[in-house]
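Structure assessment
One letter stands for each residue in the lines below.
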Amino acid sequence: MTLALKTTDLTKTFDIGKRLIGPPRAQVRAVHPVSLDVKTGETLGIVGESGCGKSTLARMLVGLTPPTSGTIEIEGKALDRADPAAFGRLIQYVFQDPVSSLNPRKTIRQIMEVPLRLLHGLRGRALDARIAELFDAVNLRPEFLTRYPHEFSGGQAQRIGIARALAASPRILILDEPVSALDVSVQAQVLNLLAELKTEFNLTYLFISHDLAVVEAVSDRIAVLYFGSVVETGPAEKVFAAPRHPYTKLLADSAPVVGRPLGGAQSGELPDPLNPPPGCAFAGRCPRASDLCRRDVPELRAVEGDQFAACHHPLES
Amino acid sequence: MSLFLRLLFRNRLAGFGAVVLGAIVVLALLTPVLPLHPPNATNTANRFLRPLSEGHMLGTDHLGRDLLSRLLWGTRLSLAVGFAAALIAGLAGAAIGVIAGYFGGRTDNVTMRGVDMLMAFPYILLALAIVAVLGPGLLNALIAVAVVNIPFFARNIRGVTVGIAHREFIDAAKLAGMGHTRILLTEVVPNIVPVVVIAMSTTIGWMILETAGLSFLGLGSQPPQADLGSMLGEARSALITAPHTSIVPGVMILLIVMSVNLLGDGIRDALDPRLRSGALARPMATTRVERASTPAPRADGLLRIDDLETQFQIGKRVYRAVNKVSLDLRPGECLGLIGESGSGKSVTALSVMGLVASPPGVITGGAVRLEGRDLIGAPYELLRSLRGRKVAYIFQDPLSTLHPLYRIGDQLIEAIRVHEPVSHAEAHKRAVRLLEDVRIPNAAARAKAYPHELSGGMRQRVGIAMALANDPDIIIADEPTTALDVTVQAQILALLSDLRRERGLAILFITHDFGVVGQLCDRVAVMYGGRIVESGPTADVLAAPAHPYTKRLIACVPELGAGRRVLAAIPGLPPAVDDLPPGCAFAPRCHKAQDACRKGEIDLQGAERQVRCLFPEMAQ
Ligand SMILES: Nc1ncnc2c1ncn2[C@@H]1O[C@H](COP(=O)(O)OP(=O)(O)O)[C@@H](O)[C@H]1O
Ligand code: SF4
Ligand code: SF4
Ligand SMILES: [Mg+2]
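Residues numbered from 1 in each chain as written. Chains lettered and ligands numbered in written order. Predicted model: local features only at pLDDT ≥ 70, side-chain atom pairs only at ≥ 80, totals over all residues. Heavy atoms only, no water.

1. Re the overall build of chain B
Counting its regular elements, chain B contains 21 helices and twelve strands. Computed over the C-alpha atoms, the radius of gyration of chain B is 33 Å, more than 25% above the 25 Å expected from 2.2 N^0.38 for a compact globule of 620 residues. Expressed as lengths along the three principal axes of its C-alpha atoms, the size of chain B is roughly 105 × 60 × 60 Å. Burial statistics for chain B: of 620 residues in total, 51% are counted as buried. Looking at chain B as shown, the accessible area adds up to about 27,600 Å², and 61% of this sits on carbon and sulfur atoms. In chain B, which carries 61 positive and 52 negative side-chain charges, the distance between the mean positions of the two groups comes to 3 Å. (Helix = DSSP H or I, 4+ residues; strand = E, 2+ residues; numbered from the N terminus. Rg over C-alpha atoms; globule rule 2.2 N^0.38 Å. Buried < 20%, exposed > 50% of the residue type's maximum accessible area, 1.4 Å probe, protein only. Areas by Shrake-Rupley, 256 points an atom, 1.4 Å probe, with all protein chains shown as cover. Lys, Arg positive; Asp, Glu negative; His and termini not counted. Charge placed at Lys NZ, Arg CZ, Asp CG, Glu CD.)

2. Considering the interface of chain B and chain A
At the interface, 67 residues of chain B touch 65 residues of chain A. Taken together, the two surfaces of chain B and chain A that pack against each other cover about 5,500 Å², and 57% of this comes from carbon and sulfur. If you sort the residues of chain B by the area they bury against chain A, Leu175, Gln519 and Leu560 of chain B come out on top, with a joint share of 15%. Where chain B packs against chain A, one counts two salt bridges. The closest approach of N and O atoms between Asp171 of chain B and Arg59 of chain A, which form a salt bridge, is 2.7 Å. Here chain B and chain A share 18 residue pairs in polar contact (both at pLDDT 80 or more) between them. Contributing elements (two or more residues each) for the side of chain B that touches chain A: helix 4 (105-120), helix 7 (168-175), helix 8 (180-216), helix 17 (456-468), helix 18 (486-503), helix 19 (514-520) and helix 21 (548-556) of chain B. Here the side of chain B that touches chain A gets eleven residues from one element, more than from any other, and that element is helix 18 of chain B. Of the residues assigned to the side of chain B that touches chain A, the class counts are 33 nonpolar, 15 polar and 19 charged. (Contact = heavy atoms within 4.5 Å. Buried area = accessible area lost by both parts, 1.4 Å probe. Salt bridge = Lys/Arg side-chain N within 4 Å of Asp/Glu carboxyl O. Polar contact = N/O pair within 3.5 Å; in protein donor to acceptor, adjacent residues only side chain to side chain. Nonpolar A, V, L, I, M, F, W, Y, C, P; charged D, E, K, R; others polar.)

3. Notes on the site of ligand 3
Neighbouring ligand 3 are His547, Pro548, Cys584, Phe586, Ala587, Cys590, Ala593, Cys597, Ile602, Cys613, Leu614 and Phe615 of chain B. Residues belonging to the shell around ligand 3 are distributed by class as follows: eleven nonpolar, one polar and no charged. (Near = heavy atom within 4 Å.)

4. Here's the deal with the nonpolar core
Leu435, Ile464 and Phe509 of chain B are the most contacted members of the largest nonpolar core, which has 66 residues in total. When residues of this core are assigned to their parent elements, the largest contribution, seven residues, is made by helix 17 of chain B. Ignoring sequence-local partners within four residues, the contact set of Leu435 of chain B consists of Ile408, Leu412, Ile440, Ala443, Ala447, Val462 and Ala465 of chain B. Listed in part, the 65 residues of the second largest apolar core include Val47, Leu102, Ile131 and Ala289 of chain A. (Core = buried A, V, L, I, M, F, W, Y, C linked by side-chain atoms within 4.5 Å.)

5. Digging into the site of ligand 1
All names here are of chain B. Around ligand 1, the surrounding shell holds 13 residues, and the nearest of these are Gly342, Gly344, Lys345, Ser346 and Val347. One of the backbone N or O atoms of Gly344 is found 3.0 Å from an oxygen atom in ligand 1. Interatomic distance of 2.6 Å between a side-chain N/O atom of Ser346 and an oxygen atom of ligand 1. Contact with the protein chains covers 68% of the free accessible surface of ligand 1, which is 560 Å². For the shell around ligand 1, the secondary-structure elements that each account for two or more residues are strand 2 (303-314) and helix 12 (345-352). Sorting elements by how many residues they give to the shell around ligand 1 places helix 12 first, with three residues. Among the residues forming the shell around ligand 1, the class breakdown is six nonpolar, five polar and two charged.

6. Some remarks on the domain arrangement of chain A
Residues and elements named next belong to chain A. For chain A, the domain assignment lists domain 1 (3-219) and domain 2 (248-317). Computed over C-alpha atoms, the centres of domain 1 and domain 2 are 29 Å apart. On the side of domain 2, seven residues touch domain 1, which itself brings seven residues to the contact. Each partner contributes to the roughly 540 Å² buried at the junction of domain 1 and domain 2, and carbon and sulfur atoms together form 76% of this total. Per-residue buried area on domain 1 facing domain 2 is highest for Val28, Glu49 and Leu212; these three make up 63% of the total on that side. Linking domain 1 with domain 2 are zero salt bridges, by the criterion used here. (Domains from an automatic or database assignment.)

In structure tokens, the structure reads:
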């Protein structure tokens, strides 16, 4: 199978407190070197808690945030943003907040027209036909086109957001928490729609979420992010069922499940990004932490078969 | 647009301003065709004629020129210059603000420092300096007034633009292939136009005054040309002997500036989105109550809600957010209230202590009895003394109850001392103990932190500590963990569970997450479209949901460990509570719906296990 997307040692460092001249007051590493492969037609799920770098990673992939170092390859070619139209036809993004991703002062038709005109040069009848086709694909009624974004519920607005991303006819869709703002009954509608569209249009998905169960339900493979680093990757059915990294296990054990007793009220927190610890970032909360962990950063390496963990003392299955 | 005009004229003063300004503008426009004396024709024989003289309605000035004519021509000029200055300042300031705000970074830094420098000069001094450099003249005065006002616009517009530039639809536009120029023109600018209009309408009066000021000092319009400022300036020497020469232009300036400012304030209010939502009035201290009768108490308990009805009355629409909801909370019990967004969970919770904003909220029926005493319609003083001491709230966003500018320790001390007259030292000791109780590490040191210095989880712990400050019997927690990460959520839930056992708290726990209910709550009530559709012991409801909605909602929740799959979904959307269908609110989405479901009221049936459905799942 060919690779749709490949990142090699992708990093992002943000400057905090920029000054007019001279270096910034501080720097925060939002994404530590991340190397990921996504095969064509695959759904790679990315989970992690807020602030762990999920969105920064996603925004680098679509060119909204320039990486500090590292490379991105799409379908075997180095990412090239020289021609925005060509780039937009490769990869698109679906935003978390469906309502805020639509300009409140434009009608849905005006919003839908932009990518079709600018990326595909469609005009007139062809433009109208394509919009109708896209709206049909996301199960929206054509009369919605003349309305304004505030007239829609979250689920409908998210369908519009998906239709706009599809308008570019991309090969890869980055879905950044696409259902987090939706109610469960509507969330399932959107997730099933995404699954249908994927087969229909032959798409590759990068699905980002903080909801483990949702990620597990839609992904082929899952990457777990902690404090800017990938700490575990593996097949979806294994990662939470048999976690190898202690953090993945903590995540899986924290998800509220009917009938499971509540855990103890420990109060572990993320390390301070302005003052990151040496060694493993999870050591402060990890029951297995050793001196080695507090000294050396663990590398991501194969634990068993296609399951990888960045841990000095991975869990046995 | 018609909404805008309606809002504008609802404000009487703005309407008055509009009429006065309209009359002045019409007069100024008509000036060239009115039968007036030439404004600059001197006639020293007729100097200082009093108003109402033959042929000179407003009299004449020191050169015998007709004051009425000069006044109208002068008004015309002053208005034109004022509007032009406002337009130039507005457009230039907006352009600077938009560019600085959109591009950010170095562009922003450099331009805004420049603007700050301009702002550091006293206003009139800067204008004087500009005129001194350019030389006197009306056009130069206009430029000066425009320039000194640019920073005000630039600052305002930059702030708004920064907010817009970080919205997701700007990113979406970039990905759709738009360049910066196109984004600025089609995405950013349309969203800031209202702000520019507001800023212009509130400053144009001052700009007219400033131009008049420069002309008064002889730096603006040059003789013999009349504008309001220069007329005042020339009249100054005759202030005592011929006061009318000063009074005439003075009154005109007063009228213009007053009417412009009244109208400007009106425009600002009418364009303000917060006021558009309907409420122009000040919120009341407690929720308004319009209750025909009080239901008889059914049984006693710690907190009993009987047939509670809360509505939002907005214009002609009535949103039945809470529709005959009954709940009872027993001592030491945790009752879950679950439902999708908009189902009325929060409004139910807020109605208990009269915290629903009025207007537009009104409690139209039912009773809320705390230890047998009805709280609906209770005086504000009583409710206030019970808030915190008997019933405390925890919200999804702890920042809504924490003041951003005070240290959390001080806020806890304050909360303790509101209800109990203890010394500061004693209160401090208790505050630290509370922080320890909610498992905040290093409590004494953390008490000195400001809310923004804490992570989301720590802040929610502080929110819980605030709720516990006066040892309440009941905690109403409205989605306290929805904004938190799973690992932090697990910590907070465990904490609430421990506290409940240690202190014998009764908790009304609002959530949309069945997993959370299953872990924490003894009993659960399911809400849909403002009504309770099912309730009972948590284990029973989750294991064998009786209402089709509950059953299908539970099926929608993906469970960890079930692998990759197609998820169950409920077609359609939850109903809008201003337009509920007759009969069962779930009927349009229910696969079991019969004609009977769409007629008449369906009652909640059962005792410990209740369901509001004609064909409940158990009957299968
Ligand atoms: N301040 C308000 N003004 C007008 N309508 C409101 C207001 N607050 C809530 N509502 C309406 O009341 C209904 C119930 O809202 P709410 O109790 O917040 O639902 P939930 O907490 O279950 O998500 C909704 O239809 C909502 O639109
Ligand atoms: S490397 Fe050490 S501290 Fe880090 S997760 Fe593994 S065992 Fe825990
Ligand atoms: S009353 Fe009828 S429509 Fe409503 S939930 Fe029951 S079966 Fe469905
Ligand atoms: Mg709510």
